[in-house]
Amino acid sequence: MSRRRKFHLYLTIVTLSTGFLVATSFETNKLTRKERMNDQLFQQETQLNDRILAEKEQNRHLENQLLDLQRQVGKVEEAMAERKSEAAETLSQLDAARMLAGVVAVAGPGIVITMQDSQNAANSADIANYIVHEQDVRLVVNELRAAGAEAISINGQRVVSNSEIRCIGPTIIVNGIKSAAPFVVTAIGNPDTLDSALNLPGGVLHSLQDFVQISVAKKERVELPAFVGDAKTKHS
């Protein structure tokens, strides 16, 4: 074999060997890079899973906090509702007490009784029997109270527990204010109940109708003023 052929043979072997080494090195580098990428992906996936687990734990903690806060808010709302109910009941009792005491003006359904001297008074031998006296008005007021009237006035004067009703001649004095007939008694309450109480057989109206003129009107709304005067003064 000539030197030239040997040279070509060696050159071919070297070239093939070099190509093999280069190819092997390339594949090795490729596998190394792939392994590194896989390691990075694994690390990233591991980190992501850790973050997901941490977020889930944080969410669970927040959910527990939210449930606890909701329970606290529920207790506060229950307490507030109870206090509101107690306050409303107290306010209702206060309003009722104010109405009974007559210290505030009030309005509502009720009844109006008008009492006038009899037309026969002038021709009667005893005029006193046919004019309205304070006891006549007091009988009507007492009957209204017994029937559940919530508030009463006489000729615009609010009647309270110690109101004075006195008679001087043909006039009547209520809370120190003098007024003449007709005497208008206004009461707040159930109109039907009050009217029925006044018209009971043998009751107030039946006992007075032969001596004085009395008319009764049921109203959907009447207005009564507040008491004017010293509520502490005890009248006889």
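Provided above is the structure to which this section pertains.
Residues numbered from 1 in each chain as written. Predicted model: local features only at pLDDT ≥ 70, side-chain atom pairs only at ≥ 80, totals over all residues. Heavy atoms only, no water.

(A) Up close: the overall build of the protein. In terms of regular secondary structure, the protein is built from four helices and eight strands. Counting from the amino terminus, helix and strand elements in the protein follow one another as α-β-α-β-β-β-β-β-β-α-α-β. Looking at the protein residue by residue over its 236 residues, the buried ones come to 25%. Long-range pairs, those at least 24 residues apart, make up 74% of the contacts in the protein with a sequence separation of at least 6. Taken as a whole, the protein presents about 16,600 Å² of accessible surface, with 55% of it coming from carbon and sulfur. (Helix = DSSP H or I, 4+ residues; strand = E, 2+ residues; numbered from the N terminus. Buried < 20%, exposed > 50% of the residue type's maximum accessible area, 1.4 Å probe, protein only. Contact = heavy atoms within 4.5 Å. Areas by Shrake-Rupley, 256 points an atom, 1.4 Å probe, with all protein chains shown as cover.)

(B) Representation of the sheet that holds strand S5 (residues 171-174) within the structure. Reading across from one edge, S4-S5-S6 is the order of the three strands in this open sheet, with antiparallel pairing throughout. The open sheet terminates on both sides in strands that have one partner only, identified here as strand S4 (165-168) and strand S6 (177-180). Going from strand to strand, the sheet's axes swing by 30° on average, the running direction of each strand aside. Relative to S5, S4 runs antiparallel, the two being bridged by four bridges. Across the sheet, Cys167 pairs through a bridge with Ile172, a residue of S5. Contacts between helix H2 (residues 134-146) and the sheet are confined to S4 and S5, with S4 contributing the most and set at about 155° to the helix. (Pairing = 2+ DSSP bridges. Axes fitted to C-alpha atoms, helices over the stretch in contact; angles between N-to-C directions.)

(C) How the structure looks around the sheet that holds strand S8 (residues 212-224). If you walk across this open sheet you meet the five strands as S3-S2-S7-S1-S8, and the pairing is antiparallel. Edge positions in the sheet fall to strand S3 (157-159) and S8, since each has one partner strand and no second. Across the sheet, the axes of successive neighbouring strands diverge by a mean angle of 25°, strand direction being ignored. Lying on the sheet, H2 is in contact with strand S1 (106-117), strand S2 (151-154), S3 and strand S7 (183-188); it crosses S1 at an angle near 150°. Packing against the sheet, helix H3 (residues 191-198) makes contact with S1, S7 and S8, and its axis sits at approximately 25° to S1.

(D) Representation of unusual backbone geometry. Residue Pro182 follows Ala181 across a cis peptide bond; omega there is 5°. Here Pro182 shows up in the loop between S6 and S7. At Asn155, a residue that is not glycine, the phi angle is positive and equals roughly 50°. As for its placement among the helices and strands, Asn155 is situated in the loop between S2 and S3. Of the residues examined, Asn155 reaches a relative accessible area of 26% and is grouped as partly exposed.

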